[in-house]
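Commentary on secondary and tertiary structure
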Amino acid sequence: MNLSAAERAYRDVKGRILSGSLAGGELISEGEVAAALGISRTPVREAFLRLETQGWMRLYPKRGALIVPVPADEAEHVIGARHAVETAAVRALAHTDRSAIVESLRQSIARLESLAEAAEVDQFTIEDAGFHRLFVQAANNPLLSGFYDTLHDRQLRMTSTSVLRDKAQMERIIKHHNELTDLIEAGDTDGFAASLAAHLAAVHDLRRPPA
């Protein structure tokens, strides 16, 4: 697939924002990105304007582009929405045969363990999001899945930020995922809701767990 220069610049910068390699509050310039990708500044400017429209950066003429930090209240809103969707999905699964989804979750945990051992933060973060998406999709509710997917980019960025701040989070996440999988397997929806709230609050350093 041949991507336009503007699309290449957009994917490169957005990918670095989501992975945490471009942190909130950091300034970057069109020239830096253009030089790194071997393209002119015009497509980079297009990419920056697109990212500004989406709320990922703020442009300052002659100074560069500021990576917008995740506001504390936005983080709480994202986690609250995730908790609502994920618990609804698990409640929908409670009276179904869960053997296939449990096996998929165990396989995801095995991949997380390998990525943690290799200190592959970017791929670990993607796999972490994939773990949660597995049981949301398994509920077979396209409205829930569609809404959940709109949270994906913010979910990646928040988890990357947390793991980069404290690499020990990877082992904690794996431990929590094992607990969540056990609760899904047992059909313990109330236990899952409580465990998920504690998991999300711990990973993202919330002042209070989602209700």
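Please read all numbers here as calculations on a predicted model, not as lab measurements.

Residues in a regular strand point their side chains to alternate faces of the sheet. As paired elements, strand 2 (residues 57-60) and strand 3 (residues 64-67) share 4 bridges and run antiparallel to each other. Of the residues in strand 3, the one forming a bridge with Met57 is Ile67. Connecting strand 2 to the next strand, strand 3, in antiparallel fashion are 3 residues, including Lys62 with a positive phi near 70 degrees.

What follows is about the nonpolar core. Within the largest apolar cluster, 34 residues are counted, with the highest numbers of intra-cluster contacts made by Phe124, Phe135, Ile184 and Phe192. Where this core is concerned, the elements lending two or more residues are helix 4 (72-93), helix 5 (99-117), helix 6 (121-138), helix 7 (142-150), helix 8 (152-165), helix 9 (169-186) and helix 10 (189-204). The contact partners of Phe192, leaving out residues within four places of it in the chain, are Glu86, Thr87, Val90, Phe135, Leu180, Leu183 and Ile184. The next biggest cluster of nonpolar side chains, apart from the first, holds 21 residues, and it includes Ala47, Leu51, Met57 and Ile67.

Phi is positive for Lys62, which is not a glycine, with a value near 70 degrees. In this structure, Lys62 sits in the loop between strand 2 and strand 3. Note on Lys62: relative accessible area 91%, which makes it exposed. Positive phi, close to 55 degrees, is recorded for Ala119, a residue that is not glycine. By the element assignment, Ala119 lies in the loop between helix 5 and helix 6.

It is worth spelling out the sheet that holds strand 1 (residues 27-28) at this point. Strand order in this open sheet of 3 strands is 1-3-2, and the pairing throughout is antiparallel. Each end of this open sheet is capped by a strand with a single partner; those strands are strand 1 and strand 2.

The next thing to look at is the domain arrangement of the protein. The domain architecture assigned to the protein consists of domain 1 (3-65) and domain 2 (71-202). Each of domain 1 and domain 2 has a C-alpha centre, and the two are 29 Å apart. Counting residues at the interface gives 8 residues for domain 1 and 7 residues for domain 2. Here domain 1 and domain 2 share an interface that buries about 690 Å² over both sides, 53% of which is from carbon and sulfur atoms.

Along the chain, Ala138 falls in helix 6. Here Ala138 falls in the partly exposed class, since its relative accessible area comes to 32%. Ala138 sits 87 residues away from Leu51 along the chain, and the two C-alpha atoms are 32 Å apart. The contacts of Ala138, once residues within four sequence positions are left out, are Leu93 and Ile101.

Analysis parameters
Residues numbered from 1 in each chain as written. Predicted model: local features only at pLDDT ≥ 70, side-chain atom pairs only at ≥ 80, totals over all residues. Heavy atoms only, no water. Pairing = 2+ DSSP bridges. Helix = DSSP H or I, 4+ residues; strand = E, 2+ residues; numbered from the N terminus. Core = buried A, V, L, I, M, F, W, Y, C linked by side-chain atoms within 4.5 Å. Buried < 20%, exposed > 50% of the residue type's maximum accessible area, 1.4 Å probe, protein only. Contact = heavy atoms within 4.5 Å. Domains from an automatic or database assignment. Buried area = accessible area lost by both parts, 1.4 Å probe.

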